[in-house]
Protein chains: 2
Amino acid sequence: MLQLTKRTEYGLIALVHMADRAGRTRGPARDAVVSVREISERYPIPRRLLAEVLKDLSHAGLVESQRGATGGYTLARSPDELTLAQIVGALEGSPALTSCESHDGAHDTCGVVPVCPIRSPLSRIRAGIWSLMERTTLRSLLQSSLPHTSPSIDLNGTMPADVTLALRGAVPHTSPS
Amino acid sequence: MLQLTKRTEYGLIALVHMADRAGRTRGPARDAVVSVREISERYPIPRRLLAEVLKDLSHAGLVESQRGATGGYTLARSPDELTLAQIVGALEGSPALTSCESHDGAHDTCGVVPVCPIRSPLSRIRAGIWSLMERTTLRSLLQSSLPHTSPSIDLNGTMPADVTLALRGAVPHTSPS
DNA sequence: TCAAATAGCACTAATCTAGTGCGCTTTGCC
DNA sequence: GGCAAAGCGCACTAGATTAGTGCTATTTGA
């Protein structure tokens, strides 16, 4: 449906939160260990589901986990190196845009590849979308969502000039268990 | 899942086919009346489903229908005026990217909009994707899929420079009934 | 009058997504 | 040592979305 899943939304919220926390903390992100509880109490995200998402992000190497009583998650890279493409890719696989070539690719073969008149062109579109997400860093997400942090940094540097319209992000509507 | 639906794929294939047919025909697209049968015999698309899709495109005003024995569909606008955004919009609604603001918007309210740290930034991304699709015309899809038509026209004019990677389009795998 | 085509509507089956349950392991702290 | 908090892993349920089909009516050219 050309829409991100809730999981991805939750993951993004969590990562933005973590980046923010790390940003306001002195030192090498020492206090930036964020627990699932902390996030799910701040945003109305089902705790268990958020835990699953962060686990996935951990498996993907985007965050690092610390077990135990005071455990939690920390960003594995700086918000400047973490891109939207990496996050989306980790949580819902490489974007396929079309059904062919959807992360398994094998058993489908979609029979008539040679006849398909939209493979190559749509391929280019997907690439464009992907490229857009690759150039969007976690930091750039941070900046635009937290105007109280810094006045307004080089958004034009990290984001293509075209991207200046009006979308809406989402937020869950369930309450933590 | 950040992926187009089969319906949209089918619609695109149909439109590309129609544009191609109209293009090779002399005169004001007189012979460019294309029937569902013709398309479903050329590509392995379930006929009935394709019919539904074309009907939707007709309702959206992107194609015009002619009933009766020699009936079929014709493009309502020139391939230069028909954009990917219009097509996708017609077949799966305006892209929302996030769950909030999904074409109904009302009953959700998603509770915590004020707290949501990703609304505005994701909004920008969606806009970028949308913009990309608005600048992609049916003609540009045609050109890249049918190299036998014209050598290679100004793809750079209709498509952002960044868009030059490698995606895959899809094609159905079912046979017409 | 027939045959081919669209129009409309409803329905089924499969897939995907959101969210939950439960028990285990790790670890800081008293 | 033991408790409590946190992550880990797996499996499961319910709802939503999607793909695809059935059937009948209407239009219209030959």
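Just so it is clear, the model here is predicted, and its values are computed rather than measured.

Novice: Tell me about the protein's contact with DNA strand D, and please be specific about residues and values.
Specialist: Residues in contact with DNA strand D amount to 28 residues; listed here are only the nearest, M1 of chain A together with T5, K6, P46 and G68 of chain B. Elements that contribute at least two residues to the surface near DNA strand D include exactly helix 2 (36-42), helix 3 (47-59) and strand 2 (72-75) of chain A together with helix 1 (6-24) and helix 3 (47-59) of chain B. In terms of residue class, the surface near DNA strand D is made up of 9 nonpolar, 11 polar and 8 charged.

Novice: Got a sec to walk through the protein's contact with DNA strand C? Specific residues and values, please.
Specialist: As a matter of local geometry, DNA strand C sits amid 28 residues, with K6, P46 and G68 of chain A together with M1 and S65 of chain B nearest to it. Of all elements in the fold, only helix 1 (6-24) and helix 3 of chain A together with helix 2 (36-42), helix 3 and strand 2 (72-75) of chain B reach the threshold of two or more residues within the surface near DNA strand C. Grouping the constituent residues of the surface near DNA strand C by class yields 9 nonpolar, 11 polar and 8 charged.

Novice: Break down the environment of A127 of chain A for me, citing the residues and quoting the values.
Specialist: In this fold, A127 of chain A is placed in helix 5 (residues 119-134). Expressed as a C-alpha distance, the spacing of A127 of chain A and A96 of chain A, which sit 31 residues apart in the sequence, is 9.5 Å.

Novice: Break down helix 3 of chain A for me, citing the residues and quoting the values.
Specialist: Residues and elements named next belong to chain A. The end-to-end C-alpha distance of helix 3, which contains 13 residues, comes to 18 Å, matching closely the 18 Å that a straight helix rising 1.5 Å per residue would cover. Turning to helix 3, its buried residues number three or more, namely L50, V53, L54 and L57. With its buried residues spanning 95° around the axis, helix 3 presents them on a single face. Projecting away from the buried face of helix 3 at angles above 90 degrees are the exposed residues R48 and H59.

Novice: Tell me about the packing of helix 5 of chain A against helix 5 (residues 119-134) of chain B, and please be specific about residues and values.
Specialist: Packing of helix 5 of chain A against helix 5 of chain B brings their axes to within 10 Å, and their N-to-C directions diverge by 155°. The orientation of helix 5 of chain A relative to helix 5 of chain B falls into the category roughly antiparallel. The crossing of helix 5 of chain A and helix 5 of chain B is right-handed. Contacts between helix 5 of chain A and helix 5 of chain B involve I125, G128, I129, L132 and M133 of chain A from the former and I125, G128, I129, L132 and M133 of chain B from the latter. Class assignment of the residues belonging to the contact of helix 5 of chain A with helix 5 of chain B gives a composition of 8 nonpolar, 2 polar and no charged.

Novice: Go over the environment of T137 of chain A with me, naming the residues and quoting the values.
Specialist: Looking at the element boundaries, T137 of chain A is found in the loop between helix 5 and helix 6 (138-145). Along the sequence, T137 of chain A and D80 of chain A sit 57 residues apart, while their C-alpha atoms lie 5.6 Å from each other.

Novice: Run through the confidence of the model for chain A, naming residues and quoting values.
Specialist: Residues and elements named next belong to chain A. With 67% of its residues at a pLDDT of at least 70, chain A reaches an overall mean of 75. The secondary structure element of chain A with the lowest average pLDDT is helix 7 (residues 155-158), at 32, and the one with the highest is helix 3, at 97. Note on residues 103-108: pLDDT is under 50 here. Beyond four places in sequence and across chains, it has 5 contacts. In the model, residues 146-177 has pLDDT below 50 throughout and makes 99 contacts with residues more than four positions away in sequence or in other chains.

What counts as what
- Residues numbered from 1 in each chain as written.
- Chains lettered and ligands numbered in written order.
- Predicted model: local features only at pLDDT ≥ 70, side-chain atom pairs only at ≥ 80, totals over all residues.
- Near = placed C-beta within 6 Å.
- Helix = DSSP H or I, 4+ residues; strand = E, 2+ residues; numbered from the N terminus.
- Nonpolar A, V, L, I, M, F, W, Y, C, P; charged D, E, K, R; others polar.
- Expected span 1.5 Å × (residues − 1).
- Buried ≥ 20, exposed ≤ 12 C-beta atoms within 10 Å, placed from the backbone.
- Arc of directions from axis to C-beta.
- Axes fitted to C-alpha atoms, helices over the stretch in contact; angles between N-to-C directions.
- Parallel < 35°, antiparallel > 145°, perpendicular 65-115°, else oblique.
- Left-handed = near helix turned anticlockwise from the far one by under 90°.
- Contact = placed C-beta atoms within 7 Å.
- pLDDT = per-residue confidence, 0-100.

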